[in-house]
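Spelled out from the first residue to the last, the chains are:
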Amino acid sequence: MSFWDYIGAKAISLCMAGMGGMYLILVAYFCGIPFSLLLFLLFSGMIVILICVVIGWKRADRRLRILRSRLDTLPEKYLIGETLERPRDVLELEYYLLMKEISRSAIGAVEQARAEKQDYCDYVESWVHEIKTPLTACSLILANGGEPAKLRRELRRADNLTESILTYAKLRTAEKDVQISCTGLHAVCDQAIREEMELLITADIGVSIDGEAFVYTDPKLLVFILKQLLINCAKYCAGCQIDIVLAEGSLTFADNGTGIPAHELGRVTERGFTGAAGRSHGQSTGMGLYIVSELCKMLNISLEIDSEEHHFTRFVFRFLT
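Reference entry: report on the structure contained in this document. (Residues numbered from 1 in each chain as written. Predicted model: local features only at pLDDT ≥ 70, side-chain atom pairs only at ≥ 80, totals over all residues. Heavy atoms only, no water.)

Attention now goes to the overall build of the protein. Along its length, the protein carries 11 helices and seven strands. Taken over the C-alpha trace, the protein has a radius of gyration of 35 Å; the compact-globule value for 321 residues is 20 Å, which it surpasses by more than 25%. Counting the 321 residues in the protein, one finds 34% classified as buried. Within the protein, contacts between residues at least 6 apart in sequence are counted, and of these 67% link residues at least 24 apart. Accessible area of the protein: about 19,800 Å², with a carbon and sulfur share of 60%. The protein carries 34 positive and 40 negative side-chain charges, and their two centres are separated by 11 Å. (Helix = DSSP H or I, 4+ residues; strand = E, 2+ residues; numbered from the N terminus. Rg over C-alpha atoms; globule rule 2.2 N^0.38 Å. Buried < 20%, exposed > 50% of the residue type's maximum accessible area, 1.4 Å probe, protein only. Contact = heavy atoms within 4.5 Å. Areas by Shrake-Rupley, 256 points an atom, 1.4 Å probe, with all protein chains shown as cover. Lys, Arg positive; Asp, Glu negative; His and termini not counted. Charge placed at Lys NZ, Arg CZ, Asp CG, Glu CD.)

Attention now goes to unusual backbone geometry. Residues apart from glycine generally show negative phi values, whereas peptide bonds are mostly found in trans. We note that Asn 300 has phi near 60°; this positive angle belongs to a residue other than glycine. Looking at where Asn 300 falls in the secondary structure, it is placed in the loop between α11 (288-298) and β6 (301-308). In the Ramachandran plot, His 310 falls in the positive-phi region, its phi being about 70° despite a non-glycine side chain.

With 51 residues, the main nonpolar core has Leu 251, Phe 253 and Phe 317 as its most contacted residues. Among the elements that make up this core, the one with the highest residue count is helix α8 (residues 219-236) (12 residues). When near neighbours in sequence (up to four residues on either side) are disregarded, Leu 251 contacts Leu 185, Cys 189, Leu 226, Ile 244, Val 245, Leu 246, Phe 315, Val 316, Phe 317 and Phe 319. (Core = buried A, V, L, I, M, F, W, Y, C linked by side-chain atoms within 4.5 Å.)

One open sheet accounts for five strands, arranged β2-β4-β5-β7-β6; its pairing is mixed. Sheet topology places β2 (206-210) and β6 at the edges, where each strand pairs with a single neighbour. Neighbour to neighbour, the strand axes of the sheet diverge by 10° on average, direction disregarded. With respect to the sheet, α8 is in contact with β4 (241-247), β5 (250-255) and β7 (312-319), its orientation differing from that of β5 by roughly 15°. (Pairing = 2+ DSSP bridges. Axes fitted to C-alpha atoms, helices over the stretch in contact; angles between N-to-C directions.)

Summed over the entire model, instances satisfying the criterion amount to 13 salt bridges. Linking Lys 150 and Glu 147 is a salt bridge whose minimum nitrogen-to-oxygen distance equals 3.6 Å. Residue Arg 267 pairs with Glu 270 through a salt bridge whose shortest N-O separation is 3.2 Å. For Glu 270, a relative accessible area of 35% translates into the label partly exposed. Members of the salt-bridge network, linked through shared partners, are Arg 153, Glu 154 and Arg 157. (Salt bridge = Lys/Arg side-chain N within 4 Å of Asp/Glu carboxyl O.)

Turning our attention to the packing of helix α4 (residues 90-143) against helix α5 (residues 148-169). At a minimum axis separation of 9 Å, α4 and α5 run at an interaxial angle of 165°. The pairing of α4 with α5 is recorded here as roughly antiparallel in orientation. Viewed along their axes, α4 and α5 form a crossing whose handedness is left-handed. Residue-level inspection shows Asp 119, Tyr 120, Tyr 123, Val 124, Trp 127, Glu 130, Ile 131, Pro 134, Ala 137, Cys 138, Ile 141 and Leu 142 of α4 in contact with α5, the latter providing Lys 150, Leu 151, Glu 154, Leu 155, Arg 157, Ala 158, Leu 161, Thr 162, Ser 164, Ile 165, Tyr 168 and Ala 169. Considering only residue class, the contact of α4 with α5 consists of 17 nonpolar, two polar and five charged. (Parallel < 35°, antiparallel > 145°, perpendicular 65-115°, else oblique. Left-handed = near helix turned anticlockwise from the far one by under 90°. Nonpolar A, V, L, I, M, F, W, Y, C, P; charged D, E, K, R; others polar.)

Take the packing of aromatic side chains next. Taken as a whole and assessed by the stated rule, the structure comprises two aromatic pairs. Residues Phe 253 and Phe 315 carry aromatic rings whose centres are separated by 6.4 Å and whose planes lie at 70° to one another, so their mutual orientation is edge-to-face. Highlighted residues: Phe 253 in strand β5 and Phe 315 in strand β7, separated in sequence by 62 residues. Among the residues examined, Phe 253 registers a relative accessible area of 1% and is labelled buried. (Phe/Tyr/Trp six-rings, centres within 6.5 Å; stacked < 30°, edge-to-face > 60°.)

Following the sequence through the fold, Glu 85 ends up in the loop between α3 (35-73) and α4. Relative accessible area serves as the criterion here: at 58%, Glu 85 is assigned to the exposed category. When the C-alpha atoms of Glu 85 and Arg 63 are compared, they prove to be 9.8 Å apart, with 22 residues separating the residues in sequence.

α11 packs onto α8 with a crossing angle of 155° between their chain directions and a minimal axis gap of 10 Å. Relative to α11, the element α8 is oriented roughly antiparallel. Between α8 and α11 lies a crossing whose hand is left-handed. Here Leu 221, Phe 224, Ile 225, Gln 228, Leu 229 and Asn 232 of α8 lie close against α11, whose contacting residues are Gly 288, Leu 289, Ile 291, Val 292, Leu 295 and Cys 296.

What follows concerns helix α6 (residues 185-195). Given 3.6 residues per turn, any residue in an α-helix points the same way as the ones three and four places further on. Of the residues making up α6, those classed as buried are Leu 185, Val 188, Cys 189, Ala 192 and Ile 193. With its buried residues spanning 130° around the axis, α6 presents them on a single face. Set apart from the buried face of α6 by more than 90 degrees, the exposed residues are Ala 187 and Arg 194. (Arc of directions from axis to C-beta.)

Given below as structure tokens:
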């Protein structure tokens with residue numbers, strides 16, 4: 001910062017000081033103080049003010065040079081707020097506290113963005129490994145004559161994995177694509193079952209739907225949610241029976257499969273959590289129920305999960321208004 005820039009920044013204060021000095025000199029003159037003494041006082045005052053201005057400029061320039069030097073050496077520029085020294089001036093202290101708050105907010109946002117990026121990269125990596133399974137199976141099926149039913153089943157698995165990663169990629173902005181309408185739950189359940197029919201037949205899973213209800217929700221996202229539950233049943237609960245009960249404002253999805261251990265029940269919707277069942281079945285992203293949980297929050301659906309190991313698992317969706 002140049003000296004004249006500093007003078008410009010302090011122009012109002014200097015003008016007020018000059019006007020005050022002139023007023024005092026006029027008062028002294030009318031009080032009969034000799035003119036030579038007034039000149040001496042005026043000259044002395046100007047010298048003092050000039051010295052104070054130069055000292056203030058030097059201090060301000062030094063502080064700015066130190067800040068610029070720190071900024072050049074910092075790997076992340078937003079951390080500059082953490083290097084500021086606590087000032088003594090009351091006004092500067094208020095600015096200092098505001099800068100600290102802004103800096104910490106920026107640090108938190110950056111750390112969250114980094115964590116989300118890392119989570120996404122981890123998911124993509126695990127997804128790549130998982131999608132190899134149906135793709136390899138397709139190659140083997142084609143090499144051995146290409147049975148259509150088996151090929152459709154593996155293509156459905158690959159399609160489900162692709163749909164999951166696309167939904168996860170759009171999860172933070174999915175609310176922009178949400179289209180709420182009056183939706184018949186029976187039709188939504190029928191669509192989800194039809195799309196996963198190959199997997200359900202292969203896993204020897206029976207499905208029943210009882211009742212009907214109409215709610216305001218996004219039917220496309222609700223179909224995706226139900227498909228994730230059907231896929232999990234096909235993967236972990238072969239031979240089970242699924243009962244879907246529709247009532248006013250609620251949908252209950254229950255199976256009599258292997259269930260979830262009590263110590264894992266509270267974690268099944270955590271991002272990346274696979275549990276013992278996921279680990280025993282090979283590659284698993286652990287993202288299915290996490291995406292289901294996040295979509296439920298977006299659609300204002302209350303999700304309750306209850307299970308008893310080796311007996312049943314029950315999901316209750318309550319559509320809040």
